[in-house]
Amino acid sequence: DAKTTQPTSMDCAEGRAANLPCNHSTISGNEYVYWYRQIHSQGPQYIIHGLKNNETNEMASLIITEDRKSSTLILPHATLRDTAVYYCIVSHTGTASKLTFGTGTRLQVTL
Amino acid sequence: GAVVSQHPSWVICKSGTSVKIECRSLDFQATTMFWYRQFPKQSLMLMATSNEGSKATYEQGVEKDKFLINHASLTLSTLTVTSAHPEDSSFYICSARDLQWLAKNIQYFGAGTRLSVL
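In short, a report on the structure. If you're wondering where the values come from, they're calculated on a predicted model, not measured in any experiment. (Residues numbered from 1 in each chain as written. Chains lettered and ligands numbered in written order. Predicted model: local features only at pLDDT ≥ 70, side-chain atom pairs only at ≥ 80, totals over all residues. Heavy atoms only, no water.)

### A word on unusual backbone geometry
Right, on to step 1. Across the junction of His7(B) and Pro8(B), the peptide omega takes the value 0°, indicating a cis bond.
Right, on to step 2. Here Pro8(B) lies in the loop between strand E1 (4–7) and strand E2 (10–13).
Right, on to step 3. One non-glycine residue with positive phi stands out, namely Ser41(A), at about 65°.
Right, on to step 4. Mapping Ser41(A) onto the fold places it in the loop between strand E3 (32–38) and strand E4 (45–50).
Right, on to step 5. Look at Ser41(A) and you get partly exposed, because its relative accessible area is 39%.
Right, on to step 6. Not every positive phi belongs to a glycine, and Ser83(B) is a case in point at roughly 45°.
Right, on to step 7. Along the chain, Ser83(B) falls in the loop between strand E8 (76–81) and strand E9 (90–97).
Right, on to step 8. Among the residues examined, Ser83(B) registers a relative accessible area of 32% and is labelled partly exposed. (Helix = DSSP H or I, 4+ residues; strand = E, 2+ residues; numbered from the N terminus. Buried < 20%, exposed > 50% of the residue type's maximum accessible area, 1.4 Å probe, protein only.)

Take a look at the structure:
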């Protein structure tokens, strides 16, 4: 599976949009981009995933560049409860696929 | 929906004893469950992939005789840490993949089990 690169940490003011970038320049054509987050001392939580089209759900939006070498997770109105480590993961689908967690981005939402 | 229950959430045991951790998918069936370990200030490391009705597949460097995995039904997988030692103290997390939505490859995670071996 392709490797991802994320900033170590980011800050965001509460109520503002949080834009979390991810580089995955070696992504292959059939690999998806997944985003998970882990709030302190809890298990990770699935946020969103996509292949090449932009995706939106009740939690976030995922913007994937046309060449698919990078993506951005957008939390439109960050709250204090969004403070967490956010992981961008590239993976195939299918029964044999696995998730490889990198170091992620620690997002701190402040008042 | 898509709830994974992990039990216990916290366990302390003496060195040399065995500890069993349960992982249940409450509202979906999962042919595949995963077991991760996370040390403080580090990321999750996959230990093994558990498939219902068959032997687990362990990642390189994980001792299969020490970390016994059983996946006897579509909703339950267990991890037993045998003869635990202080270096096994860690945060153990399970996840399950919904059989109905295999193509999406989404894993749903339990809340984790914090193991402390004295």
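Resuming the write-up.
### A closer look at the interface of chain A and chain B
By a widely used convention, the size of an interface equals the accessible area lost when the partners come together.
Right, on to step 1. Contacts between chain A and chain B engage 22 residues on the former and 21 residues on the latter.
Right, on to step 2. Between chain A and chain B the total buried area reaches about 1,600 Å² when both faces are included, carbon and sulfur atoms providing 52% of it.
Right, on to step 3. Here chain A is connected to chain B by one salt bridge.
Right, on to step 4. Between Glu59(B) and Lys98(A) there is a salt bridge; the shortest N-O distance is 3.0 Å.
Right, on to step 5. Here chain A is connected to chain B by seven residue pairs in polar contact (both at pLDDT 80 or more).
Right, on to step 6. Counting residues per element, the ones that place at least two in the side of chain A that touches chain B are E3, E4 and strand E8 (84–91) of chain A.
Right, on to step 7. Along the lines of polarity and charge, the residues of the side of chain A that touches chain B split into eight nonpolar, 13 polar and one charged. (Contact = heavy atoms within 4.5 Å. Buried area = accessible area lost by both parts, 1.4 Å probe. Salt bridge = Lys/Arg side-chain N within 4 Å of Asp/Glu carboxyl O. Polar contact = N/O pair within 3.5 Å; in protein donor to acceptor, adjacent residues only side chain to side chain. Nonpolar A, V, L, I, M, F, W, Y, C, P; charged D, E, K, R; others polar.)

Limitation: the analysis is restricted to geometry and does not speak to function.
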